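Descriptive analysis of the structure
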Amino acid sequence: MSLENKDIVLITGGLGTVGYMIVEILLLSGYTVLTTTHDKSKKSKAPNFMYMYCDFDHENWIDYFEEWVKSNPNFTIKYLINNVRNKSNLLVDDLVSKQQWVREFNFSTIVPYTLTNFFKKTLTNVININSIYGVVVPNKNIYDNDKSLPPIHYGVCKSSSLKLTKEMSIRLLNYKISINSLVLGGFSSGTPDKLKNSYEKICPTGKMLNIKNLKKPILFLLESDYDSFNGKELTIDGGWTMI
């Protein structure tokens, strides 16, 4: 690995379905990427794509980043993409537990808040990955029953993330960081055929998203200047939130 200083894109949750789509876009666009993983056995295989272990459920999870910075003095975190989530936290039998509420709020709001502040002296751009369910409520007509709806704590916490983006863009204005939200609709990858068909019948474009829909928005937000595009929600959803 080269010892020269390199500007890094840090993406949390870069090994999930959407996260890895973003990673592929970044690598093909020439960026050097660092992503978090909760699997200690994963080792970096290329100089432009690195892993770091982090347990975001740990009380002092920021310590993992402090250690990484100390161990990698020749790298600078210039871009931050907040995308961490844990699907197991969305499994609900009846009522959402207090622990699940706290955990989801941590993923969607506390982690982005903390990381943005931790790296604020070197950051130029921050993207908070969000969902249409942070903007609108689920459409019951595309789901089999109430139990199959996206759980309530997911949408509510995503909504808090949108507010965080606006607040941080103002509070860190002196650091000249462009901080924005990317609101995404449903992706065809991994979606059951029945749900996919129901979604596409209602969506104005008649289709779910794929990796091609991500490239231009991601690169635009990574290259935006703080004094021209800041604290905004860029929505890529095929018109879903307009209906």
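Right, let's walk through the structure included here.

Rules behind the numbers
- Residues numbered from 1 in each chain as written.
- Predicted model: local features only at pLDDT ≥ 70, side-chain atom pairs only at ≥ 80, totals over all residues.
- Heavy atoms only, no water.
- Helix = DSSP H or I, 4+ residues; strand = E, 2+ residues; numbered from the N terminus.
- Rg over C-alpha atoms; globule rule 2.2 N^0.38 Å.
- Buried < 20%, exposed > 50% of the residue type's maximum accessible area, 1.4 Å probe, protein only.
- Contact = heavy atoms within 4.5 Å.
- Lys, Arg positive; Asp, Glu negative; His and termini not counted.
- Charge placed at Lys NZ, Arg CZ, Asp CG, Glu CD.
- Axes fitted to C-alpha atoms, helices over the stretch in contact; angles between N-to-C directions.
- Parallel < 35°, antiparallel > 145°, perpendicular 65-115°, else oblique.
- Left-handed = near helix turned anticlockwise from the far one by under 90°.
- Nonpolar A, V, L, I, M, F, W, Y, C, P; charged D, E, K, R; others polar.
- Expected span 1.5 Å × (residues − 1).
- 1 Å grid on protein atoms, 1.4 Å probe; cavity = no way out; pocket = protein on both sides within 12 Å on 5 of 7 lines; lining within 4 Å.
- Points joined across faces, edges and corners; volume = space filled by probe spheres on them.
- Phe/Tyr/Trp six-rings, centres within 6.5 Å; stacked < 30°, edge-to-face > 60°.
- Lys NZ or Arg CZ within 6 Å of the ring centre and 35° of its normal.
- Salt bridge = Lys/Arg side-chain N within 4 Å of Asp/Glu carboxyl O.

**Overview of the overall build of the protein**
Counting its regular elements, the protein contains six helices and seven strands. The secondary structure elements of the protein, listed N-terminal to C-terminal, are β-α-β-β-α-β-α-β-α-β-α-α-β. Its C-alpha atoms give the protein a radius of gyration of 18 Å, near enough to 18 Å, the size a compact globule of 243 residues would have. Taking the principal axes of the C-alpha coordinates as reference, the protein spans close to 55 × 35 × 35 Å. The buried share among the 243 residues of the protein stands at 47%. Contacts in the protein between residues at least 24 apart in sequence constitute 70% of all its contacts with a sequence separation of at least 6. Between the mean site of the 28 positive side-chain charges and the mean site of the 23 negative ones, the protein shows a separation of 3 Å.

**Looking at the packing of helix α2 (residues 62-71) against helix α3 (residues 98-118)**
In a packed pair of helices, the relevant descriptors are the angle between the two axes and the axis-to-axis distance. Look at α2 against α3: their axes get within 11 Å of each other, and the N-to-C directions meet at 25°. On the basis of the axis angle, α2 is roughly parallel to α3. Crossing of α2 over α3 shows right-handed handedness. Along its contact with α2, which presents Ile 62, Phe 65, Glu 66 and Val 69, the element α3 presents Thr 114, Leu 115 and Phe 118. Partitioning the contact of α2 with α3 into residue classes produces five nonpolar, one polar and one charged.

**Overview of helix α4 (residues 152-171)**
With 20 residues, α4 should cover 28 Å at 1.5 Å per step; its first-to-last C-alpha distance of 29 Å lies within 8% of that length. For α4, every residue scored as buried is listed here: His 153, Tyr 154, Gly 155, Cys 157, Lys 158, Ser 160, Ser 161, Leu 162, Leu 164, Thr 165, Met 168 and Ser 169. The inward-facing, buried residues of α4 contact α3, β5 (125-131), β6 (178-184) and β7 (233-236).

**Focus: empty space enclosed by the protein**
Tallied over the full model, the rule gives one cavity of 30 Å³ or more. As for the largest cavity, its lining consists of 14 residues, and the residues nearest its centre are Asn 82, Val 84, Phe 107, Ser 108 and Lys 158. Only α3, β5 and α4 provide two or more residues apiece to the lining of the largest cavity. Take the lining of the largest cavity: its biggest share by element is five residues, from α3. By residue class, the composition of the lining of the largest cavity is five nonpolar, six polar and three charged.

**A short note on the packing of aromatic side chains**
With the rule as written, the count across this model stands at twelve aromatic pairs. A ring pair is formed by Tyr 20 and Phe 49, whose centres lie 6.4 Å apart and whose planes are at 50°; its orientation type is tilted. Of this pair, Tyr 20 sits in helix α1 (residues 17-28) while Phe 49 sits in strand β3 (residues 49-53); the two residues are 29 residues apart in sequence, bridging distant segments of the chain. For Phe 49, a relative accessible area of 10% translates into the label buried. One aromatic cluster is present, formed by Phe 56, Trp 61, Phe 65, Phe 118 and Phe 119 through successive ring pairs. Stacked on the ring of Tyr 53, the Lys or Arg Lys 40 has its end atom at 5.1 Å from the ring centre.

**Things to note about the pattern of salt bridges**
All told, the structure shown has eight salt bridges when counted by the stated rule. Notably, a salt bridge pairs Lys 163 with Glu 167, separated by 3.1 Å at the nearest N-O pair. In this pair, Lys 163 and Glu 167 are both assigned in helix α4, four residues apart and thus about one turn of the helix distant. By relative accessible area, which is 26% here, Glu 167 ends up partly exposed. Note that Glu 233 is salt-bridged to Lys 166, the shortest N-O span being 3.6 Å. Of this pair, Glu 233 sits in strand β7 while Lys 166 sits in helix α4, placing them 67 residues apart in sequence. According to the relative accessible area criterion, Lys 166 is partly exposed, its value standing at 39%.

**Quick word on α1**
Taking 1.5 Å per residue as the helical rise, α1 with its twelve residues ought to reach 16 Å, and the 17 Å between its terminal C-alpha atoms agrees with that figure. All of the buried residues in α1 are Val 18, Gly 19, Met 21, Ile 22, Val 23, Ile 25 and Leu 26. Residue Gly 30 follows α1 closely and has a positive phi angle near 90°.

**A closer look at the environment of Lys 207**
Following the sequence through the fold, Lys 207 ends up in the loop between α5 (193-202) and α6 (212-223). Judged by relative accessible area, which is 48%, Lys 207 ranks as partly exposed. Separated by 19 residues in sequence, Lys 207 and Ser 188 have C-alpha atoms that sit 8.1 Å apart. In this view, Lys 207 contacts Tyr 199 and Glu 200; residues no more than four positions away in its chain are not counted.

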